[in-house]
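Examining the three-dimensional arrangement
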Amino acid sequence: MHIHILGICGTFMGGIAMIAKQSGFKVTGSDLNVYPPMSDELKAAGIELIEGFDEAQLDMKPDLVVVGNVMRRGMPIVEKLLNERIPFVSGPQWLEEHYLLNKKVLAVSGTHGKTTTSSMLAWILEANGRNPGFLIGGIPENFGISARNSDSEYFVIEADEYDCAFFDKRSKFVHYHPSCLIMNNLEYDHADIFDSVKDIQKQFHHLIRTIPSQGLIVMPDNDKNLNEVIQMGCWSNKYVIGDNSALHAKLLKADGSEFEIYDGNKLVTTVKYDCTGTYNVNNSLMAIKAASYAGISTEDAAAALQSFKLPKRRMELKGVVNGVAVYDDFAHHPTAIRLTLEGLRAKIGDSRKLIAVFEPRSNSMKLGANHEQLAKSFESADEIFVYANDSVKWNVKELEKQSEKTLLVYSDFEKMLDDIVAHSHTDSTILVMSNGGFNGIHQKLLDKLHNK
């Protein structure tokens, strides 16, 4: 069967392409910009890529077209697809109908932490001989690829609440029918498709309705929005994690890189790993508990985390020049920014200057959703540099007045680079946060620091 994927170079659609290819399908695809690293991964797998969305590509007569949510009505290729009645589905629907039906799906949802927790869970299963398949919205360093088909009954998926396609406005995760679901947290996000947190809660409850009564839901005890979702109805086994739950952690290091795991009053084991931040301790507990669905003990799951490596772009050290360390992180929501900075501050201590560099690039940030929380989210930093181009639809300059720290907003990218370098000294750590490429800022900073 030949499937052609429109919008193939995104992490999710590229992951579907890899799984389809590994499962024996003929796979081709196109994207407006065929870009690495996904393009390199797809080409290495023998998948033919077409640059752009020229409607002539449908003349190859694929058996099925898988439509990414980048596609819109009015695009010539979409109109040809509809007018010629070529069979089509969304990516999540293809995954549901052609792959997940025979799998025990372990899904990881939430506003924050999906990629890291999914990677943790996949690695725990891998280290304990379960050989899981997976589809993750990033590149887990332990595997080096974002998606994998396997003959295992277990499949780990990052369960995104974003919509499926122009013809299916449900959240992607409604198609996954998990046996085990992690709900890390729930806050307002995706302002381009959701009007309120209530809209997102409704989608989460649609997901809960699909989980079997013998399935497992793992969630925190202190998330008001998730608790309201559960109150709408829950028919599955539920395990709540928090300070008062049976499974809980006690920090041995303030940065969260070493902690003890307790079951009630009983010390079960100690974890020492390369992650920082209390949020990653919580992610770890979620993954450990979810792994119990696959018959993995707390001790064995915790042991696997000792060799866990964070996914790309999650507190990734890009380089150190003249004593200045430059980190990259995907944080783009005020809560994620705050927690990420708190974790890095605990790691480096108070003696080093912490410089935060942020690009409001997500659709929500461009529209100004949650912007009233943004200035306060930078509290752990000493100085903050914010770059906002014309795509941002609110007055980012307001942040300069709202912040108690030195916060500067720029529309001139090169000017901002020069000022960051001027403010950086041998005792400085720079954390760059964006959910995009940010104009290649990391290497440009390192080059300028080298030439300083």
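A brief report on the enclosed structure follows. (Residues numbered from 1 in each chain as written. Predicted model: local features only at pLDDT ≥ 70, side-chain atom pairs only at ≥ 80, totals over all residues. Heavy atoms only, no water.)

**Considering the overall build of the protein**
Here is the rule: In DSSP terms, a helix is any run of H or I states spanning at least four residues, a strand is any run of E spanning at least two, and both are numbered starting from the N terminus. The globule rule used for comparison is 2.2 Å times the number of residues to the exponent 0.38, while the radius of gyration itself is calculated over C-alpha atoms. Summary of the burial criterion: residues with accessible area below 20% of their type's maximum are buried, those above 50% are exposed, and those between are partly exposed, where the area comes from a 1.4 Å probe applied to protein chains only. By definition in these notes, contact holds between two residues if any of their heavy atoms fall within 4.5 Å. Areas reported as accessible are Shrake-Rupley estimates using a 1.4 Å probe. Residue values count occlusion only from the protein chains shown.
Across its full length, the protein carries 15 helices and 23 strands. Since a compact globule built from 452 residues should have a radius of gyration of about 22 Å, the 22 Å found for the protein is in line with a globular shape. For the protein, the spread of C-alpha atoms along the principal axes amounts to about 60 × 55 × 40 Å. Here the protein holds 452 residues, and 59% of them are scored as buried. The contacts in the protein between residues at least 6 apart in sequence include a share of 64% that link residues at least 24 apart. On the protein, roughly 18300 Å² of surface is accessible, and the fraction owed to carbon and sulfur atoms is 46%.

**Considerations on helix α1 (residues 11-22)**
Selection rule: One less than the residue count of a helix, multiplied by 1.5 Å, gives the span that helix is expected to have.
Between its first and last C-alpha, α1 extends 16 Å over 12 residues, near the 16 Å set by a 1.5 Å rise per residue. Summarising burial for α1: nine of the 12 residues are buried, a large majority. Among all positions of α1, only Phe12, Met13, Gly14, Gly15, Ile16, Ala17, Met18, Ile19 and Ala20 are buried. Looking one or two residues beyond α1, the residue adopting positive phi is Gly24, at roughly 100°.

**Some details on the environment of Gly144**
Structurally, Gly144 is set in the loop between β7 (133-135) and β8 (147-148). Sequence separation between Gly144 and Lys312 is 168 residues, and the spatial gap between their C-alpha atoms is 9.1 Å.

**Description of the pairing of strand β2 (residues 26-31)**
What counts is decided by this rule: Here, any two strands with at least 2 DSSP bridges between them count as paired.
Summarising burial for β2: five of the six residues are buried, a large majority. Here four bridges tie β2 to strand β3 (residues 48-51), and the two strands are oriented parallel to one another. By the bridge assignment for β3, Thr28 is matched with Glu48.

**Structural notes on the sheet that holds strand β15 (residues 247-251)**
For the record, the criterion: Think of each axis as a best-fit line through the C-alpha atoms, taken over the contacting stretch in the case of a helix, with angles from 0 to 180 degrees between the N-to-C directions.
One open sheet holds the three strands; their spatial order is β15-β16-β17, and the pairing between them is antiparallel. Each end of this open sheet is capped by a strand with a single partner; those strands are β15 and β17 (266-272). Here the strands of the sheet are splayed against their neighbours by 30° on average, with no regard to which way each runs. Sheet topology places β15 next to strand β16 (residues 258-263); five bridges connect them, and they run antiparallel. Looking at the pairing, His248 lines up with Tyr262 of β16. Here helix α9 (residues 298-305) sits on the sheet and contacts β15, β16 and β17; the angle it forms with β17, its principal contact strand, is near 15°.

**Side note on the sheet that holds strand β18 (residues 316-321)**
Within the open sheet, the six strands sit side by side as β18-β19-β23-β20-β21-β22. Their pairing is mixed. Among the strands making up the open sheet, the edge pair consists of β18 and β22 (406-410). The mean inter-strand angle of the sheet, taken between neighbouring strand axes irrespective of direction, is 15°. Relative to strand β23 (residues 428-433), strand β19 (residues 324-329) runs parallel, the two being bridged by five bridges. By the bridge assignment for β23, Ala325 is matched with Thr429. Sheet strands in contact with helix α10 (residues 334-348) are β19, β20 (353-358) and β23, and its direction is about 160° off that of β23. Packing of helix α15 (residues 441-450) onto the sheet brings it into contact with β18, β19, β20 and β23, and relative to β18 it is tilted by some 15°.

**Some points on the packing of aromatic side chains**
Test applied: Planes of paired rings set the category: under 30 degrees apart is stacked, over 60 is edge-to-face and the rest tilted, where pairs are Phe, Tyr or Trp rings (Trp by its six-membered ring) whose centres lie within 6.5 Å. Should the NZ of a Lys or the CZ of an Arg lie within 6 Å of a ring centre and within 35 degrees of the ring normal, that charge is described as sitting over the ring.
One pass over the structure, following the stated rule, counts 13 aromatic pairs. Plain terms: the ring middles of Trp123 and Phe143 are 5.7 Å apart, the flat faces sit at 80° to each other, and that makes the pair edge-to-face. With Trp123 in helix α5 (residues 114-127) and Phe143 in the loop between β7 and β8, the pair connects residues that are 20 residues apart, well separated along the chain. Residue Trp123 shares its accessibility class with Phe143, and that shared class is buried. Seen in terms of ring centroids, Phe413 and Phe438 are 6.0 Å apart; in terms of plane orientation they differ by 50°. Their pairing is tilted. Placement of the pair is Phe413 in helix α14 (residues 413-423) and Phe438 in the loop between β23 and α15, with a sequence separation of 25 residues. As far as the burial class goes, Phe413 and Phe438 line up, both buried. An aromatic cluster is defined as three or more aromatic residues linked by ring pairs; in this entry it consists of Phe88, Phe166 and Phe167. A cation sits over an aromatic face here: Lys172 above Phe12, 4.5 Å from the ring centre. The ring of Phe330 carries Arg314 above its face, with NZ or CZ at 4.4 Å from the centroid.

**Quick word on the pattern of salt bridges**
Keep this limit in mind: Throughout this description, the term salt bridge denotes a Lys or Arg side-chain nitrogen within 4 Å of a carboxyl oxygen of Asp or Glu.
Summed over the entire model, instances satisfying the criterion amount to 17 salt bridges. Its salt-bridge partner being Glu161, residue Lys114 comes within 3.9 Å of it at the nearest N-O pair. A residue pair is termed long-range when its members are at least 10 positions apart, and Lys114 in helix α5 and Glu161 in the loop between β9 (154-158) and β10 (163-165) qualify at 47 residues. For the pair Lys114 and Glu161, a shared accessibility class is recorded, and that class is buried. Across the pair Glu316 and Lys318 runs a salt bridge, and its minimum N-O distance is 3.7 Å. On the basis of relative accessibility, which here comes to 36%, the residue Lys318 falls in the partly exposed class. One network of salt bridges, in which partners are shared, links Lys198, Lys224 and Glu228.

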